[in-house]
Amino acid sequence: MGQLSFFSAETDEPSLEDLSGLFAAHGQSMISPAGSRVSIVVDAQWRAEALVREIDRCGVRAHLATSDEGSAMARTETSKLLDTLNRTWLKGAIKTMPADWVPSNRAMRLWTIAAGRPDEDRYLLGLDPHAPETHSPLATALMRAGIAPTLVGTRGSNPALRIAGRRRMSRLVENIGAPPDDLDAVALWPTL
């Protein structure tokens, strides 16, 4: 891999806005009088562990959990700090992408950790199958970030944004930085 750009996730300062990448995937949130909590169920333990580390870097404590179905999960602690992010992405109980959202490098990194997977010589960023109204807006948001995807799998249980082509893949790899330090993560991380 070539030298990483100074725009990559590895040089950006972590912020709570980075957690938008979890909402772009299939992250969920709940709000209570004590504050908001963001959680995401993932298909591998390395994903949950990496997300907990990334969330902690953003200034909110997180921990590993297990879903009712036995899957790995990353979950923030309940915090008032997350209320604004929660209100931005939820209208009532419905997940809604903010109209002007452009994923930052670090938000793309969290999205990739949570729901990224190779697809032959292309790469897929998973979407929330329970929030189909976010799919097209998320494709537009990724375009605004300089990566033009194709929306795929919208009729199935694995909708995703497919990134194809050397220039787009290069931009994604440059933006999200190196994979988490785990062999399974390396195997599923985008490459050129």
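None of the values given here were measured: they were computed from a predicted structure. (Residues numbered from 1 in each chain as written. Predicted model: local features only at pLDDT ≥ 70, side-chain atom pairs only at ≥ 80, totals over all residues. Heavy atoms only, no water.)

Some points on the sheet that holds strand S3 (residues 62-66)
- The 4 strands are arranged S1-S2-S4-S3 in an open sheet whose pairing can be described as antiparallel. Each edge of the open sheet is held by one strand with a lone partner, namely strand S1 (28-32) and S3. Between one strand axis and the next, the sheet turns through 25° on average, direction left out of account.
- In this structure, S3 lies alongside strand S4 (residues 72-76), joined through 5 bridges in antiparallel fashion. Paired with Ala62 across the bridge in S4 is Thr76.
- The strands that helix H2 (residues 45-57) touches are strand S2 (35-42), S3 and S4; relative to S3, the one it contacts most, it runs at about 155°. (Pairing = 2+ DSSP bridges. Helix = DSSP H or I, 4+ residues; strand = E, 2+ residues; numbered from the N terminus. Axes fitted to C-alpha atoms, helices over the stretch in contact; angles between N-to-C directions. Contact = heavy atoms within 4.5 Å.)

As for helix H4 (residues 105-115)
- The buried fraction of H4 is high, at 11 of 11 residues.
- Buried within H4 we find Asn105, Arg106, Ala107, Met108, Arg109, Leu110, Trp111, Thr112, Ile113, Ala114 and Ala115. (Buried < 20%, exposed > 50% of the residue type's maximum accessible area, 1.4 Å probe, protein only.)

Section: the packing of H2 against H4
- Taken N-terminus to C-terminus, the directions of H2 and H4 make an angle of 160°; their axes are 8 Å apart at the nearest point. What the angle tells us is that H2 and H4 run roughly antiparallel. The element H2 and its partner H4 pack so that their crossing is left-handed. Residues Trp46, Arg47, Ala50, Leu51, Glu54 and Arg57 of H2 form the contact with H4, whose own contacting residues are Arg106, Arg109, Leu110, Thr112, Ile113, Ala114 and Ala115.
- Partitioned by chemical class, the residues of the contact of H2 with H4 number 7 nonpolar, 1 polar and 5 charged. (Parallel < 35°, antiparallel > 145°, perpendicular 65-115°, else oblique. Left-handed = near helix turned anticlockwise from the far one by under 90°. Nonpolar A, V, L, I, M, F, W, Y, C, P; charged D, E, K, R; others polar.)

Structural notes on the layout of surface pockets
- Taken as a whole, the largest pocket holds about 450 Å³ of empty space.
- Put simply, the parts of the chain that give the lining of the largest pocket at least two residues each are S2, S4, H4 and strand S7 (116-119).
- Looking at the lining of the largest pocket, the element that brings in the most residues is S2, giving 4 residues.
- A breakdown of the residues in the lining of the largest pocket according to their chemical character gives 9 nonpolar, 8 polar and 5 charged.
- By volume, the second largest pocket is sized at about 160 Å³.
- What lines the second largest pocket is a set of 13 residues, and nearest its centre among them are Asp121, Arg122, Met169, Thr191 and Leu192.
- Among the residues making up the lining of the second largest pocket, the classes are represented as 7 nonpolar, 2 polar and 4 charged. (1 Å grid on protein atoms, 1.4 Å probe; cavity = no way out; pocket = protein on both sides within 12 Å on 5 of 7 lines; lining within 4 Å. Points joined across faces, edges and corners; volume = space filled by probe spheres on them.)

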